[in-house]
Amino acid sequence: MVQRDRRNRLGLAFLITLLVVVVGRLVVLQGVDGAALQLAAENDRLRSYPIEAVRGQVTDRNGNPLAYSVNAVTVNADPSVVADPTRTALALTTLLGVPVDELTEKLSREGRFVVLAEKVSTEAADEIRELPLSTRGGLVLVDDPVRLYPAGAVGGQVVGFVGSDGDGLAGIEQTFDEELAGTDGQERIEVDGSGNPIPSGIDDSQPATDGSSVQLTLDEDLQYVVQQTLDAACADEATESASAVVQDVHTGEVVALASCPGYDPNTYNTTDPALLGNPVVSDVYEPGSVMKAVTLAAAIEEGKATKDTVLNVDGHIQAGDVVVTDAHDHEPIDFTLTGILAKSSNVGSIMLAREVGDSTFERYLRAFGLGSTTGVELPGESAGILQDSAEWSAARAANVPIGQGVSVTTLQMASVYQALANDGVRIPPRIVSSVTAPDGTVTDTPQPAGVRVVSESTADQLTYMLEAVVGPGGTAPLGEVDGFRVAGKTGTAQRANPETGSYAGGGYFTTFVGYAPADDPQYVVAVDLERPTSDAEGGQVAAPLFADVMRYALMSGGVVPSGSPRPDFTLTVP
Amino acid sequence: MSQPARAVPRTSTPRTTARATPTHDSAAPRSTARSGAARATPARATTARATGPRTTTGPVHVPRSSSTRRTGPITAGAQLRLVPPAPARAPGRSRARRPAARTRRAPFVVLLVGLLVATTLGLLLLNTAIAVDSLQATQQRVANAEQAEQVARLEQQVVAADTAAELARAAAAAGLVQPGAAAHLVLQPDGTSVVVGSAVPAPVPEPPTETDGPSSPTPGN
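Treat the numbers as computed from the prediction; the structure is a model and nothing was measured.

Here is what the cut-offs are and how they apply
Residues numbered from 1 in each chain as written. Chains lettered and ligands numbered in written order. Predicted model: local features only at pLDDT ≥ 70, side-chain atom pairs only at ≥ 80, totals over all residues. Heavy atoms only, no water. Pairing = 2+ DSSP bridges. Helix = DSSP H or I, 4+ residues; strand = E, 2+ residues; numbered from the N terminus. Axes fitted to C-alpha atoms, helices over the stretch in contact; angles between N-to-C directions. Contact = heavy atoms within 4.5 Å. Buried area = accessible area lost by both parts, 1.4 Å probe. Salt bridge = Lys/Arg side-chain N within 4 Å of Asp/Glu carboxyl O. Polar contact = N/O pair within 3.5 Å; in protein donor to acceptor, adjacent residues only side chain to side chain. Nonpolar A, V, L, I, M, F, W, Y, C, P; charged D, E, K, R; others polar. Core = buried A, V, L, I, M, F, W, Y, C linked by side-chain atoms within 4.5 Å. Buried < 20%, exposed > 50% of the residue type's maximum accessible area, 1.4 Å probe, protein only. Disulfide = S-S within 2.5 Å. Patch = residues over 30% accessible without salt bridge, like charges linked within 9 Å, V, L, I, M, F, W, Y side chains within 5 Å. Areas by Shrake-Rupley, 256 points an atom, 1.4 Å probe, with all protein chains shown as cover. Parallel < 35°, antiparallel > 145°, perpendicular 65-115°, else oblique. Left-handed = near helix turned anticlockwise from the far one by under 90°. Arc of directions from axis to C-beta. Phe/Tyr/Trp six-rings, centres within 6.5 Å; stacked < 30°, edge-to-face > 60°.

**Some details on the sheet that holds strand S5 (residues 114-121) of chain A**
Residue and element names in this part refer to chain A.
Step number 1: The strand order across the open sheet built from three strands is S5-S4-S6, with neighbouring strands paired in antiparallel fashion. Every other strand in the sheet has two partners, leaving S5 and strand S6 (139-143) as the edge strands with one partner each. Neighbour to neighbour, the strand axes of the sheet diverge by 25° on average, direction disregarded.
Step number 2: Across five bridges, strand S4 (residues 72-77) lies against S5 in antiparallel orientation. In the strand pairing of S5, Ala 72 is matched with Ser 121.
Step number 3: Running at roughly 135° to S5, helix H4 (residues 100-107) makes contact with S4 and S5 of the sheet.

Following this line, the structure appears as structure tokens:
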């Protein structure tokens, strides 16, 4: 019996020890290491795959895509796994569009990673996947969406481009990068031993939020015509560059904006980096005589003159230590204000600016938007160069009213004439019409508040006078558009010679800015050409381009031709 | 709710088995212990065997247990000699009772086995159904992705062919030319119309060359 008791006790002790060990182990597993072990188990079963957000589209005002993303594939290879480089290269060469030699060389390299081709279509990728295993062994296909710009160079400078890491690097792609990009998601699912998803297993996937689409105010067709017109102009060797802007008079919307030489965003990485800007908003030039409209508007608004006021204008005028002459020196002539503008008299304009006074004139220049950015949704916009009037020398004070010694962008100049066309109210230009979220919510870009620059009466007188420019005796009969009354102004500004730092030998900037129909303005068109080696005037070079663009804009816009004939103008008084 | 309800059989089960098992290691109590998984059965089984009060269950079973022990492969000789008359009674009694218990227990066991089989089959069926659904879902997802890819490709073609530049090229290839300046007929308030502007005919395109092949327009139309 004693022996049995001891045996029982020993047994009990053994059982208790066993129990303590088991329970202790349980506590360690469940309590101490529990969380870590559970995580390890889950990680073993859970697989994460990134879901890339689709970048939003950029469309023109009619919804035609100017930029969109499609699925594509990057083909990589692990050369150490490729069985027969030559055979694989032969199979891939047509699918990837890469020469056999190059592929063979890459596939024969030392190392374990080599990029064979990027932006391969999904069609080609499917064909690669169907190759026999012995041929495709070692190839790795990685999804890599590609950005397409179907219109190419048309609107290319406006739309911009996306870098290889998916960030917008220019144009709208840059300004609206955040909206376009969207948010990447993640697929996180439970899988079995062979990697297949377990039905009704854990699935805490985060869907990707695709990017918003950006609709521009550009009209692709008009943009194409503008681009074609400018390209034709740039084909002339004398023209180094040319820019044009078409603006809607009543809304300030930019309907077309282009310059040459432009670039195709599809091939931005093989384009000269110097061309990858948008000169229409970032390059400044001295506008020349197109500025006289501002000078005369200031004079009329200040009550110093009306369109019929007669001034005795000499052929030249002393301004500090320089003498400014008209295009051709002449004996004193009795010009009406209309005549001063139509004949583009420098002397007459300077006389009027002096009547207005420098500081008041500067106030008008700034009210017309010069010297500050327009706020258009494009990166790298320049404010132009407008010196404080207190710092103007006598020569500068005589130069600014005729558009020298002051620098503007093409867009700023269009905006000045938009104010005159819109009864004196300037609406800052905008190029984005709306942003559409992936759920279909449309956020319209609010139209900026208009700024009254001059009275309606002043604007009307300016329109009358600007019509005389394209009329008989004016400087730009080539700016006429058949069936429509056109108001506009030529400009021929001396171009500073970058080599000498002076105007000598710098050639000219030739400009034409105008709007039509003069009796009910709908579109403003600004054209300027940089011609370092030519002395042709704006009326000869820029006006015909203006007429081509304006003709198409009016016809495609369904604008009714002017019902009334152009008035007869009195330019000089005998 | 379930806790107290379960507590009653749980406490009763050890009581009955504790009384039954130490005294006899017979097959019958063992089977009740086994079916005791269904918790309520031991109580019924014991009352079925012994119609008297529960306290008498032990003594009643003594002879039966000794008889089974005697028929068992390893038996103690001393115990065998002590109870000679018991075997004659015990087999007879148990023979009379066992078939009855068996017949009474049979539907229950069948029910249990049936439940087990049905559950297993049901689970198998559900699992299969889920697996089939999942397989189909995967297949359809793949098919969907392929279709979407196809749509994207076709859309890409449409977009590429729909750009202004491509339309202009296609139009030129079809022999169309840019129009000249158009004239407009403007209706006046009195109902007459005035021609504004002057219509200029478009320049005549160059006749299609031989290389244009079958796509060249047929002359005379």
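**A word on the interface of chain A and chain B**
Frequently, the measure chosen for interface size is the accessible area removed from exposure when the parts meet.
Step number 1: Facing 22 residues of chain A, the contacting portion of chain B comprises 18 residues.
Step number 2: Between chain A and chain B, a total of about 1700 Å² is buried, with carbon and sulfur atoms accounting for 63% of that surface.
Step number 3: Taken together, chain A and chain B are joined by one salt bridge.
Step number 4: Ionic pairing is found between Arg 153 of chain B and Asp 126 of chain A, a salt bridge with its closest N-O pair at 3.4 Å.
Step number 5: Where chain A touches chain B, the interface holds four residue pairs in polar contact (both at pLDDT 80 or more).
Step number 6: Elements that contribute at least two residues to the side of chain A that touches chain B include exactly strand S3 (65-70), helix H5 (122-129), helix H10 (220-234) and helix H19 (538-556) of chain A.
Step number 7: The residue inventory of the side of chain A that touches chain B, partitioned by class, reads eleven nonpolar, five polar and six charged.

**What about the nonpolar core?**
Residues and elements named next belong to chain A.
Step number 1: Judged by nonpolar contacts, the single largest core of 133 residues is most densely connected at Ile 172, Leu 216, Leu 257, Tyr 417, Leu 420 and Ile 431.
Step number 2: Element by element, the count of residues in this core is highest for H19, at ten residues.
Step number 3: Among all residues touching Ile 431, those that are not within four sequence positions of it are Val 158, Ile 172, Leu 216, Thr 217, Leu 218, Val 254, Leu 257, Val 376, Glu 377 and Leu 378.
Step number 4: If you look at the next biggest cluster of nonpolar residues, it comprises 20 residues, including Leu 96, Val 114, Val 120 and Ala 125.

**Here's the deal with the state of the cysteines**
All names here are of chain A.
Step number 1: With the rule as written, the count across this model stands at one disulfide over all chains.
Step number 2: One disulfide bridge connects Cys 234 with Cys 260, the sulfur atoms lying 1.6 Å from each other. Residues Cys 234 and Cys 260 are joined by a disulfide whose S-S torsion is about 65°; by sign, that bridge is right-handed. Here Cys 260 lies in strand S11 (residues 254-260) and Cys 234 lies in helix H10, a separation of 26 residues in the sequence.
Step number 3: Residue classification places Cys 260 among the buried residues on the basis of a relative accessible area of 2%.

**Notes on a nonpolar patch on the surface**
Residues and elements named next belong to chain B.
Step number 1: A cluster of nonpolar residues, Val 109, Val 113, Leu 116, Val 117, Leu 121 and Leu 124, forms a patch on the protein surface that exposes about 550 Å² of accessible area.
Step number 2: Tracing the sequence through the fold places Val 113 in helix H6 (residues 86-161).
Step number 3: Val 113 sits in the partly exposed class, given a relative accessible area of 44%.

**Thoughts on the sheet that holds S3 of chain A**
Residue and element names in this part refer to chain A.
Step number 1: The mixed open sheet is built from six strands, whose spatial order is S7-S3-S2-S9-S17-S18. Lying at the two open borders of the sheet, with one neighbouring strand each, are strand S7 (146-148) and strand S18 (442-444).
Step number 2: In this sheet, S7 lies alongside S3 in antiparallel orientation, the contact comprising three bridges. Bridge pairing in S7 links Tyr 68 to Leu 148.

**What about the pattern of salt bridges?**
Residue and element names in this part refer to chain A.
Step number 1: Tallied over the entire structure, the rule returns 20 salt bridges over all chains.
Step number 2: Taking the shortest distance from any N to any O, the salt bridge between Arg 55 and Glu 173 comes out at 3.0 Å. On the criterion of sequence distance, the pair formed by Arg 55 in the loop between strand S1 (46-51) and strand S2 (58-59) and Glu 173 in helix H8 (residues 171-175) is long-range, its members being 118 residues apart. Glu 173 matches Arg 55 in its accessibility class, with the two residues each being buried.
Step number 3: For the salt bridge of Arg 495 with Glu 530, the shortest nitrogen-to-oxygen distance reads 2.8 Å. Residue Arg 495 is located in the loop between strand S20 (487-494) and strand S21 (508-516), and its partner Glu 530 is located in strand S22 (residues 523-531); the two are separated by 35 residues in the primary sequence.

**Points about the packing of helix H3 (residues 85-96) of chain A against H4 of chain A**
Residue and element names in this part refer to chain A.
Step number 1: At a minimum axis separation of 8 Å, H3 and H4 run at an interaxial angle of 135°. Here H3 lies oblique to H4, going by the angle between them. You can see that H3 and H4 cross each other, and the crossing is right-handed. Only Val 100, Leu 103, Thr 104 and Leu 107 of H4 make contact with H3, whose side of the interface consists of Pro 85, Thr 86, Thr 88, Ala 89, Leu 90, Leu 92, Thr 93 and Leu 96.
Step number 2: Of the residues assigned to the contact of H3 with H4, the class counts are eight nonpolar, four polar and no charged.

**So, H4 of chain A**
Note: α-helices contain 3.6 residues per turn, so residues at a spacing of three or four share the same orientation.
Residue and element names in this part refer to chain A.
Step number 1: Three or more residues of H4 are buried, namely Leu 103, Thr 104, Lys 106 and Leu 107. The buried residues of H4 occupy one face: seen down the axis, they fall within an arc of 165°.
Step number 2: Lining the buried residues of H4 we find S4, H3 and S5.

**Points about the packing of aromatic side chains**
All names here are of chain A.
Step number 1: Under the definition given, this model contains six aromatic pairs over all chains.
Step number 2: Aromatic side chains Tyr 285 and Phe 509 sit 5.3 Å apart centroid to centroid with 40° between the ring planes, which places their arrangement in the tilted category. Taken together, the residues span a long stretch of sequence, with Tyr 285 in the loop between helix H11 (279-282) and helix H12 (292-301) and Phe 509 in strand S21 at a distance of 224 residues.
Step number 3: A relative accessible area of 4% means that Tyr 285 is categorised as buried.
Step number 4: Centroid distance Tyr 464 to Phe 569: 5.0 Å. Interplanar angle 65°. Geometry classified as edge-to-face. Placement of the pair is Tyr 464 in helix H18 (residues 456-470) and Phe 569 in the segment after H19, with a sequence separation of 105 residues.
Step number 5: The exposure class of Phe 569 is buried, given its relative accessible area of 17%.
Step number 6: Site record: aromatic cluster; members linked through ring pairs are Phe 161, Tyr 263 and Tyr 268.

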